[in-house]
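Structural overview for review
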Amino acid sequence: MLDYTKKELYDRTALRVNPAKTCQPVGAMYAALGVHECLPHSHGSQGCCAFHRMYLTRHFKDPAMAASSSFTEGASVFGGGSNLKTAAKNIFDIYKPKIIAVHTTCLSETIGDDLNAIIQGIDIPEGKYIVHTNTPSYKGSHITGFSNMVGSFISYLSKKSDKKNGKTAIIPGFVNPGDMRELKRIAEIMKVPYTMLPDTSGVMDSPMTGKFEMFPKGGTTVEEIIELGDCIETLAMGKFASEWGAQTLKKKCGVPYEVLPMPIGIAETDNYIMALSSISKTEVPYELEEERGQLVDILIDIHPYTYNKKAAIYGDPDTVLGLTEFLLEMGMIPKYVLTGTPGDAFKDEAEKLFEKYGMKDCTAKASGDLYELHQWIKNEGVDLLVGGTHGKFIARAEDIPFVRAGFPIIDRYVHSYMPLVGYKGGMRLAELITNALMDRQDRDCAEEDFEMVM
């Protein structure tokens with residue numbers, strides 16, 4: 001199959017082949033899973049819900065719980081209002097969640113179901129909640145859906161009282177539970193009280209106890225979301241996944257916000273820590289200085305293996321930009337940088353990084369696909385490929401070392417427990433990248449050059 005990728009480049013405006021993204025409801029479902037005792041609800045067909053759950057379950061290797069309006073032909077013609085009303089009653093009666101988070105699908109969006117009106121007509125039990133967001137799959141990506149759902153939780157629930165609670169709202173972006181744990185660990189070291197929304201740690205990495213729990217212990221509570229309106233500031237990790245939620249909280253409750261690039265690598269982790277320091281008015285403790293120094297030492301040690309190596313990076317925009325800057329810090333050349341998520345800001349931010357580090361002849365593109373990335377590589381090769389599982393076919397076809405990072409990774413295990421963010425995440429990335437390059441060197445060298453110590 002891979003032999004059919006053509007080297008000749010040509011413009012494609014109406015077709016994407018192997019897009020570096022998936023649909024909005026996947027992101028909305030993931031955001032909802034980061035709220036304690038929340039059941040995500042897909043307003044559409046059972047097949048849509050099954051796909052979204054499958055996508056998340058394959059990546060996290062943990063079951064993604066969700067319900068569906070289960071559209072049939074009748075709902076497709078006359079609308080799904082009655083389906084949602086019946087579903088809400090059944091869900092509260094049988095599964096007893098604290099909150100239901102409804103997201104739309106292509107089908108319900110095309111019909112034009114008015115979710116606001118439908119939800120207002122539902123008899124919601126006292127002390128329970130229903131929120132919704134619009135996530136048409138034919139627009140944006142899973143990052144857009146994640147952003148929309150975070151904004152809807154805030155829009156529906158967050159309130160402002162007369163007294164600030166002294167907390168900082170942290171919107172972590174579309175990252176793994178391991179990343180969320182690391183962001184929280186750093187905030188705790190910096191003595192910054194926080195509420196993280198969403199927080200899938202303890203949900204999508206919950207321990208095996210031998211007992212099934214529909215709602216694991218993790219996640220942001222509804223009460224914490226309500227109290228976000230009394231936070232002193234919001235730190236939004238990544239422009240694409242997190243800024244909309246921060247803007248919504250500012251518009252509704254007047255909470256100021258700062259958008260930070262995803263804290264991957266040295267410079268952006270520094271920025272995250274200094275933002276926390278400005279909030280807590282405390283100095284950076286030695287524990288974090290030591291981790292930073294260790295990462296710097298590692299980058300010096302591995303420099304002979306990473307310097308001037310060319311890489312192709314693809315995936316979610318905030319993650320890809322973070323990975324791009326970290327590879328630049330490693331002395332590598334991010335020859336191709338691509339995301340399937342639309343947005344001119346991605347290319348602008350990538351080109352700023354190229355300029356900052358003096359890189360020339362590097363290409364960045366939003367709303368791209370892996371077929372085009374493969375074509376670029378066929379025209380001018382790279383030494384390393386970095387991204388989710390779908391790139392393995394390019395790596396195999398072109399015989400390129402491959403480091404799996406980002407979303408989705410569906411052919412390997414444990415990755416979602418390990419952070420990419422922070423100095424600890426930088427150490428892990430440095431190990432993965434360097435070992436991939438050194439494994440390649442071991443594999444390809446002549447017999448007389450095969451050394452015990454490289």
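Now for a quick tour of the structure. What you see is a predicted model; the values in this text were computed from it and never measured. (Residues numbered from 1 in each chain as written. Predicted model: local features only at pLDDT ≥ 70, side-chain atom pairs only at ≥ 80, totals over all residues. Heavy atoms only, no water.)

1. Points about the nonpolar core
To be explicit about the condition: Nonpolar core, defined: a set of buried Ala, Val, Leu, Ile, Met, Phe, Trp, Tyr and Cys residues in which side-chain atoms within 4.5 Å join the residues together. Only protein chains enter the calculation, and the probe is 1.4 Å; a residue is then buried if its accessible area is under 20% of its type maximum, exposed if over 50%, and partly exposed in between. Here a residue-residue contact requires only that any non-hydrogen atoms of the pair lie within 4.5 Å.
With 102 residues, the main nonpolar core has L56, F153, Y272 and L384 as its most contacted residues. Excluding its chain neighbours within four sequence positions, the residues that come into contact with Y272 are I170, L183, I186, A187, L235, M237, L260 and P263.

2. Some details on the pattern of salt bridges
Going by this rule: The term salt bridge refers to a side-chain nitrogen of Lys or Arg lying within 4 Å of a carboxyl oxygen of Asp or Glu. Numbering of helices and strands starts at the N terminus; helices are DSSP runs of H or I of at least 4 residues and strands are runs of E of at least 2.
If you walk through the whole model with that rule in mind, you get 23 salt bridges. In this structure, the salt-bridge partner of E182 is R185, at a minimum N-O distance of 2.7 Å. In this pair, E182 and R185 are both assigned in helix α8 (residues 177–189), three residues apart and thus about one turn of the helix distant. Classification of R185 as partly exposed rests on a relative accessible area of 22%. Here the salt bridges do not stand alone but share partners, grouping E182, R185, E287 and E291 into one network.

3. Here we look at the sheet that holds strand β11 (residues 363–365)
Pairing between sheet strands relies on hydrogen bonds along the backbone, with the strands arranged either parallel or antiparallel. Going by this rule: Only strands joined by at least two bridges in the DSSP assignment are considered to pair. Simply put, an axis is a line fit to the C-alpha atoms, just over the touching stretch for a helix, and the angle between two N-to-C directions goes from 0 to 180 degrees.
Strand order across the open sheet formed by five strands is β11-β10-β9-β12-β13, with parallel pairing between neighbours. The strands lining the two open edges of the sheet, one partner per strand, are β11 and β13 (402–404). Across the sheet, the mean angle separating the axes of adjacent strands is 15 degrees when strand polarity is ignored. Sheet analysis places strand β10 (residues 333–339) next to β11, joined by three bridges and oriented parallel.

4. Re helix α1 (residues 24–33)
Since one α-helical turn is 3.6 residues long, residues separated by three or four positions face the same way. With 10 of its 10 residues buried, α1 lies for the most part within the structure. For α1, the set of buried residues is Q24, P25, V26, G27, A28, M29, Y30, A31, A32 and L33. As for α1, its buried residues are in contact with β1 (38–43), α2 (46–60), β3 (99–104), β4 (129–133), α7 (142–157) and α8.

5. Here we look at the packing of aromatic side chains
Applied cut-off: Note on aromatic pairs: the rings of Phe, Tyr and Trp (six-membered ring only in Trp) are paired at centre separations within 6.5 Å, and the planes decide the class, stacked below 30 degrees, edge-to-face beyond 60, tilted for the rest.
For the coordinates displayed, the defined rule picks out eight aromatic pairs. The interplanar angle of 70 degrees and the centroid separation of 5.5 Å between the aromatic rings of F146 and F174 together place this pair among those described as edge-to-face. Linking F146 in helix α7 with F174 in the loop between β5 (168–171) and α8, this pair joins segments that are 28 residues apart in sequence. Each of the two residues, F146 as well as F174, counts as buried. A connected cluster of aromatic rings, assembled from ring pairs, spans Y30, F51, Y55, F60, F146, F174 and F407.

6. A word on unusual backbone geometry
With an omega of -10 degrees, the peptide bond running from L197 to P198 counts as cis. Mapped onto the elements of the fold, P198 is located in the loop between β6 (194–196) and α9 (222–226). Each neighbour pair has its own omega, and for F407 with P408 the value is -5 degrees, a cis peptide bond. Assignment of secondary structure puts P408 in the loop between β13 and α17 (422–444). Residue K96 is not a glycine yet carries a positive backbone phi of 55 degrees. Within the element layout of this structure, K96 appears in the loop between α4 (81–94) and β3. Even without being a glycine, K281 presents a positive backbone phi close to 60 degrees. With respect to the helices and strands, K281 occurs in the loop between α11 (266–280) and α12 (286–306).

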